[in-house]
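Tertiary structure, described
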Amino acid sequence: MTDPTTSGPAVVVGVDGCAGRITLNRPKTLNALTHEMVRLVDAALDRFAGDDEIATVVVDGAGGRALCAGGDIRSIYEAARTGDPAPKAFWADEYRLDARIARYSKPVVAIMDGIVMGGGVGISAHASHRVVTERSVVAMPEVGIGFAPDVGGTWLLSHAPGELGTHVALTAGSLGPADAIEAGLADVHVATSDLPAVFAALAHTGVDGAIAAVTSDPPAGQLAAWRRWIDRCYQADTVEEIVDRLLREGGHAAAAANDILTRSPTSLKVALRALRQARGLPNLERALEVEYRISTTFLCTADFVEGVRAQVIDKDRRPRWNPASLAEVSDADLDRFFAPRPDDIDLTSPLETARR
């Protein structure tokens, strides 16, 4: 289907030798995911799975600025304001797609060039081979818009080394290529100038050799140097105690605390509980099912609408959270985000809405 924000289809699917290529093609919106794009990517995976000539699948983004900056947040915002349940169907299929990429029968190479946020992490960080460049900016910024990490983010971040994932989730900060690798969201760095060589090699050779031939050291990051205080401070059981430890630590840790205190108090507490719970879940699918409960609950909250308004719509960067403080968010407030519901999804099934 042709997308009005570009001159062609929203997802371009092609074949080059033994490589199938899926290119997100909405560069004017930083390749933000729509429900139709999720369906098109899933259909392409169907096609490549059944083609014995295809050895590898490559996922990238058009435009040179982003693989994918997340879901189409403006449309989800409008749905939340009007009570439209459409985002529920989108998330159900998006999460199924993320799980499918993680379990795909052939290697999936995600080219995480440029901005990779939210839903962009979902379609890339679950791939078997995750490539960042010097232009990569990877983030799970959800707590800053009154939401919580989803698209399997709780699974990925809860299994990051030490407490790096907790730091990433609660600060909503951006990671460069080295820090994305340090946090377990990417595997290798390839210079942008070498990406054409990767695409060319994948058309004829195995994926590991194609990537290894041009792998290079990324620009220096920060997480490795910060690891000691991150692990010590974020081991605490509550967001309040984490913030207290960070403030007492001082320096970069105190700066992280100040970032955390600007985020939605409800989102912060939901995110921490979800990450801790995900550590004990058996697999990605179960984590995604919990995330679906959380996401669909946030759809009906004032903080999500307010967070998107402040960060994306009006861009005044002054959200008015309700409740306004961590102390005002009770355990009972959190319980409703995790309680089983009749509309829970089962990720053992394929994309249901896409096949109707």
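Let us look at the structure shown here. What you see is a predicted model; the values in this text were computed from it and never measured. (Residues numbered from 1 in each chain as written. Predicted model: local features only at pLDDT ≥ 70, side-chain atom pairs only at ≥ 80, totals over all residues. Heavy atoms only, no water.)

Digging into the packing of helix H11 (residues 239-249) against helix H13 (residues 265-279)
Between H11 and H13, the shortest axis-to-axis distance is 10 Å and the interhelical angle comes to 100 degrees. Taken together, the axes of H11 and H13 lie roughly perpendicular to each other. Each of Val239, Glu240 and Ile242 in H11 lies in contact with H13, whose residues at this interface are Leu268, Lys269, Leu272 and Arg276. Class assignment of the residues belonging to the contact of H11 with H13 gives a composition of four nonpolar, no polar and three charged. (Axes fitted to C-alpha atoms, helices over the stretch in contact; angles between N-to-C directions. Helix = DSSP H or I, 4+ residues; strand = E, 2+ residues; numbered from the N terminus. Parallel < 35°, antiparallel > 145°, perpendicular 65-115°, else oblique. Contact = heavy atoms within 4.5 Å. Nonpolar A, V, L, I, M, F, W, Y, C, P; charged D, E, K, R; others polar.)

Observations concerning the packing of aromatic side chains
Summed over all chains, the structure comprises six aromatic pairs. Ring plane angle 50 degrees and centroid distance 5.7 Å describe the contact between Phe147 and Phe298, whose orientation is recorded as tilted. Pair noted here: Phe147 is in the loop between strand E8 (137-139) and helix H5 (153-158) and Phe298 is in helix H14 (residues 284-298), with a separation of 151 residues, a long-range link. With respect to burial, Phe147 and Phe298 carry one shared label: buried. When the centroid spacing of 5.4 Å and the interplanar angle of 45 degrees are considered together, the rings of Phe147 and Phe304 count as tilted. Placement of Phe147 in the loop between E8 and H5 and of Phe304 in helix H15 (residues 302-313) is noted, with a sequence separation of 157 residues between them. (Phe/Tyr/Trp six-rings, centres within 6.5 Å; stacked < 30°, edge-to-face > 60°. Buried < 20%, exposed > 50% of the residue type's maximum accessible area, 1.4 Å probe, protein only.)

Here we look at the sheet that holds E8
With mixed pairing, four strands are arranged side by side in an open sheet as E4-E6-E8-E9. Among the strands making up the open sheet, the edge pair consists of strand E4 (66-68) and strand E9 (174-175). Where E8 lies against E9, two bridges are found, and the strand directions are antiparallel. Opposite Ala139, over in E9, you have Ser174 as the bridge partner. (Pairing = 2+ DSSP bridges.)

Some remarks on helix H10 (residues 223-233)
Residue pairs spaced three or four apart in an α-helix point in one direction, given the helix's 3.6 residues per turn. The complete set of buried residues in H10 reads Leu223, Trp226, Trp229, Ile230, Asp231 and Cys233. Where H10 is buried, its residues contact helix H6 (164-171), E9, helix H7 (177-182), H11 and helix H12 (251-260).

Some thoughts on the packing of H13 against H14
Between H13 and H14, whose axes approach to 11 Å, the crossing angle comes to 170 degrees. Put simply, H13 runs roughly antiparallel to H14. On H14, the residues that touch Thr266, Ser267, Val270, Ala274 and Gln277 of H13 are Val290, Ile294 and Phe298.

Comments concerning the pairing of strand E5 (residues 108-112)
Burial of E5 is extensive: five of the five residues sit out of reach of the surface. Neither face of E5 is exposed, since Val108, Ala110 and Met112 on one face and Val109 and Ile111 on the opposite face are all buried. Pairing between strand E3 (residues 56-61) and E5: three bridges, direction parallel. Residue pairing across strands places Val58 opposite Val109, the latter belonging to E5.

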